[in-house]
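Close look at the chain arrangement
As a plain string of letters, each chain reads:
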Amino acid sequence: MTEAFDTDMLWEEFHRTVNMNSEELRAYLLAEASGEESFPADPDLGIDELGRGVLHVMSKRKGDLTGADLDVMRRVVEIVETKGDRTDDDSRRELMSVGHDPLRG
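Every value quoted in this text rests on a predicted model; they were computed, and no experiment measured them.

1. Brief notes about the pattern of salt bridges
Counted under the stated rule, the structure contains 11 salt bridges. The salt bridge involving Arg93 is made with Asp90; its shortest N-O contact spans 3.2 Å. Of the two residues, Arg93 and Asp90 both sit in helix α5 (residues 89-96), three residues apart, roughly one turn of that helix. Here Arg93 falls in the partly exposed class, since its relative accessible area comes to 37%. According to the relative accessible area criterion, Asp90 is exposed, its value standing at 56%.

Laid out in C-alpha cells, this is it:
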C-alpha cells in the first residue's frame, strides 16, 4: 500500500514538474544534441540520457512504470527543486533537458 502511495505521489509531482510536452522536449533534445558538431554517429543521436528517460516515462501509464522509471522521475524532481526556476542560460538548458521550462508559469 505504501509503495503504491509513494508511486502515486511521485507520479503527480513528476507531472507537475515536467511542464513541456513530449514533442517539445523531443525537439529541444534533438536541437541541443545537434549543437555545433551536428548529429554524432551513435544511435542515441547524442541525446542526454536523463532526457531520453523523461521521454520514456512520459510515454507510459502509471501502472507500467519500472524501478528505473521511478529513479528517473525522482532525479527530475530533485534537479528542478534544486535549480528552482533559474533562467540563466546554463540553468535553463539543464532544466529544459529534463522537461522543465523555467520561463513557463
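2. Overview of the nonpolar core
Counting residues in each nonpolar core, the largest one holds 23 residues, and the members touching the most others are Phe14, Val54, Met73, Val76 and Val98. When residues of this core are traced back to their parent elements, those giving at least two are α1 (2-17), α2 (22-34), α3 (49-58), α4 (67-83) and α5. When residues of this core are assigned to their parent elements, the largest contribution, seven residues, is made by α4. For Val76, the residues in contact, after removing those within four places along its chain, are Phe14, Thr17, Val18, Leu50, Val54 and Val98.

Cut-offs used in this document
Residues numbered from 1 in each chain as written. Predicted model: local features only at pLDDT ≥ 70, side-chain atom pairs only at ≥ 80, totals over all residues. Heavy atoms only, no water. Salt bridge = Lys/Arg side-chain N within 4 Å of Asp/Glu carboxyl O. Helix = DSSP H or I, 4+ residues; strand = E, 2+ residues; numbered from the N terminus. Buried < 20%, exposed > 50% of the residue type's maximum accessible area, 1.4 Å probe, protein only. Core = buried A, V, L, I, M, F, W, Y, C linked by side-chain atoms within 4.5 Å. Contact = heavy atoms within 4.5 Å.

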